[in-house]
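What the coordinates show
Residues per chain, in single letters:
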Amino acid sequence: MCGLLCKLAAWARKKSPWIFHLPAGGLCNGCDIEIVAALTPRYDVERFGILLAPSPRHADILVVAGQVTKHTKERLLRVYQQVPEPKAVVAVGSCAISGNVFGTENYPLAGTVDQFIPVDVYVPGCPPKPEAIILGIVEAIKKLEGKTRKS
Amino acid sequence: MKVNILKEATKYFVKPATVPFPAVQPHFPKKFRGPPRYDPETCIGCGACAHVCPSDAITITIKDGKKILEVWFGKCTFCARCEEACPVDSIKLMEIYGTPSPNKFDFISRVEHDMVKCRICGKYFATVKHVEWIIKNVREKMGETVSISELKNYLMTCPECRHKVENVPSFRKLLMRVLVKEVK
């Protein structure tokens, strides 16, 4: 419908995706530290145009670390709804993928991330190297392109 | 003042702190613990790795006379306990980072083993390679005290049946000989 403007927006999204970093609760914060390390000058993701967004309303990619607890479940869903379409989700770390040592039948835990929101890319590691996180976000950009074409 | 200017000027010759990542391979520190992988040639399928795994990332499934060991490093803590426990150094934590993937079951390394049937009750209970490994080790330590046929006779019986037929003279003789040798 919007033609040229939409094309421009899609191009801008591909060249500079904004990420929102969300620790989902049940984790040791190791993955959070590695995500933050990926934003430091040593890895400098800004040379790929990747920026940390201050609010989920500004973000294109949601980077979730850790397992979902009963308390953060509502917040996770709310943050996911706030991210505008098209959006992609990257699950970082073993906890986000399967629960790791915390298991899936632990009393404060509600489940893994993919039980509540659709996850596009999984990054394995405990914690993953910043390089792996960068590659995961790059993979998510490819997914975003596909979603843009569909919409 | 001038010193500051000089300092700024020398920065021109300093390399940037940023690692040109996709162009060069990342730096791995000493004893880096990456995703665990099985070596299917050396693995004997004893299951020691699955026994010690704190997060149950390693699973054993016995199906149709096959023992399948799977390590899913999507659930791994990279503690290297499996590497410590492995008697043949088959499972190793590689010096690589886990490549991201849209399918979470891509992060699996697996090995398959043929199993041995118990000669009394006909139940599958151990892998062929495991039995061979035990025979090799016992022969190394005991020398000619124990014959291979005798050992095979003993090892091809499952633990439950072994308890039932403990009073079988041939088994008892074998055990006694091994114990006496050890004491000496």
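Counting from 1, residues in each chain are numbered in the order their sequence is written. Written order decides the labels, with chains lettered from A and ligands numbered from 1. Under the rules for a predicted model, residues below a pLDDT of 70 receive no local features and side-chain atom pairs below 80 are neither given nor counted, while totals for whole chains, interfaces and linings still include all residues.

The next point concerns the overall build of chain A. Put simply, DSSP marks the helices as runs of H or I at least four residues long and the strands as runs of E at least two long, and each gets a number from the N terminus on. Helix and strand counts for chain A come out as five helices and eight strands. Here the C-alpha atoms of chain A give a radius of gyration of 15 Å, agreeing with the 15 Å that 2.2 N^0.38 yields for 151 residues. Burial is judged by counting the other C-beta atoms within 10 Å of a residue's own C-beta: 20 or more makes it buried, 12 or fewer makes it exposed, and any count in between marks it as partly exposed, with every C-beta position built from the backbone. A total of 151 residues make up chain A; the buried ones form 46% of that total. We call two residues in contact when their backbone-placed C-beta atoms lie within 7 Å. Restricting to contacts in chain A with at least 6 residues of sequence separation, those with at least 24 account for 83%. Radius of gyration: over C-alpha atoms. The globule rule applied is 2.2 Å multiplied by the number of residues raised to the 0.38 power.

With that out of the way, let us pick up the overall build of chain B. The secondary structure content of chain B amounts to seven helices and six strands. What you see in chain B, going N to C, is helices and strands ordered as α-β-α-β-β-α-β-β-β-α-α-α-α. For chain B, whose C-alpha radius of gyration is 26 Å, the value lies well above the compact-globule estimate of 16 Å for 184 residues. Along the first, second and third principal axes, the C-alpha set of chain B runs to 95 × 45 × 25 Å. Out of the 184 residues belonging to chain B, those deemed buried represent 21%.

Below, the discussion takes up helix H3 (residues 72–82) of chain A. Residue and element names in this part refer to chain A. Among all positions in H3, only Thr72, Leu76 and Val79 are buried. Buried residues of H3, seen end-on, are gathered within an arc of 70 degrees and therefore sit on one face of the element. Set apart from the buried face of H3 by more than 90 degrees, the exposed residues are Glu74, Arg78 and Gln81. Buried residues along H3 sit against strand E1 (18–23), strand E2 (25–26) and strand E5 (67–69). Of all possible arcs, the one meant is that of the directions from the helix axis to the C-beta atoms.

Another aspect to go through is the sheet that holds strand E5 (residues 108–117) of chain B. Residue and element names in this part refer to chain B. If you walk across this open sheet you meet the four strands as E2-E3-E5-E6, and the pairing is antiparallel. Here the strands that pair on one side only, and so sit at the sheet edges, are strand E2 (58–63) and strand E6 (124–127). Averaged over all neighbouring strand pairs, the angle between strand axes comes to 35 degrees, with direction disregarded. Sheet analysis places strand E3 (residues 66–72) next to E5, joined by seven bridges and oriented antiparallel. Across the sheet, residue Leu69 finds its bridge partner in E5, namely Val111. Think of it this way: DSSP has to see at least two bridges between two strands before they count as a pair. The axes used here are C-alpha line fits, helices contributing only the stretch in contact, and every angle between their N-to-C directions lies in the interval 0 to 180 degrees.

Glancing now at the nonpolar core. A:Val63, A:Val64, A:Val90, A:Ala91 and A:Val92 are the most contacted members of the largest nonpolar core, which has 45 residues in total. Per element, the largest residue contribution to this core is eight residues, and it comes from helix H5 (residues 130–150) of chain A. Apart from the residues lying within four places of it in its own chain, the contact partners of A:Val63 are A:Ile19, A:Phe20, A:His21, A:Leu22, A:Ile35, A:Val90 and A:Val92. B:Tyr38, B:Leu69, B:Phe78 and B:Cys86 belong to the second largest nonpolar core, which has 20 residues in total. Put simply, a nonpolar core is a cluster of buried Ala, Val, Leu, Ile, Met, Phe, Trp, Tyr and Cys residues tied together by C-beta atoms within 7 Å.

Our focus in this paragraph is the interface of chain A and chain B. Listed by partner, the interface residues are 24 residues for chain A and 22 residues for chain B. At six residues, H5(A) tops the list of elements feeding residues into the side of chain A that touches chain B. In this classification, Asp, Glu, Lys and Arg are treated as charged, Ala, Val, Leu, Ile, Met, Phe, Trp, Tyr, Cys and Pro as nonpolar, and every other residue, Gly included, as polar. In the side of chain A that touches chain B, the residues fall into 13 nonpolar, five polar and six charged.

Looking now at the domain arrangement of chain B. All names here are of chain B. When its domains are assigned, chain B resolves into domain 1 (29–115) and domain 2 (118–184). Each side of the interface is counted separately: domain 1 has nine residues, and domain 2 has seven residues. Looking at which element gives the most residues to the side of domain 1 that touches domain 2, the answer is E5, with three residues. Throughout the structure description, domain borders are defined by an automatic or database domain assignment.

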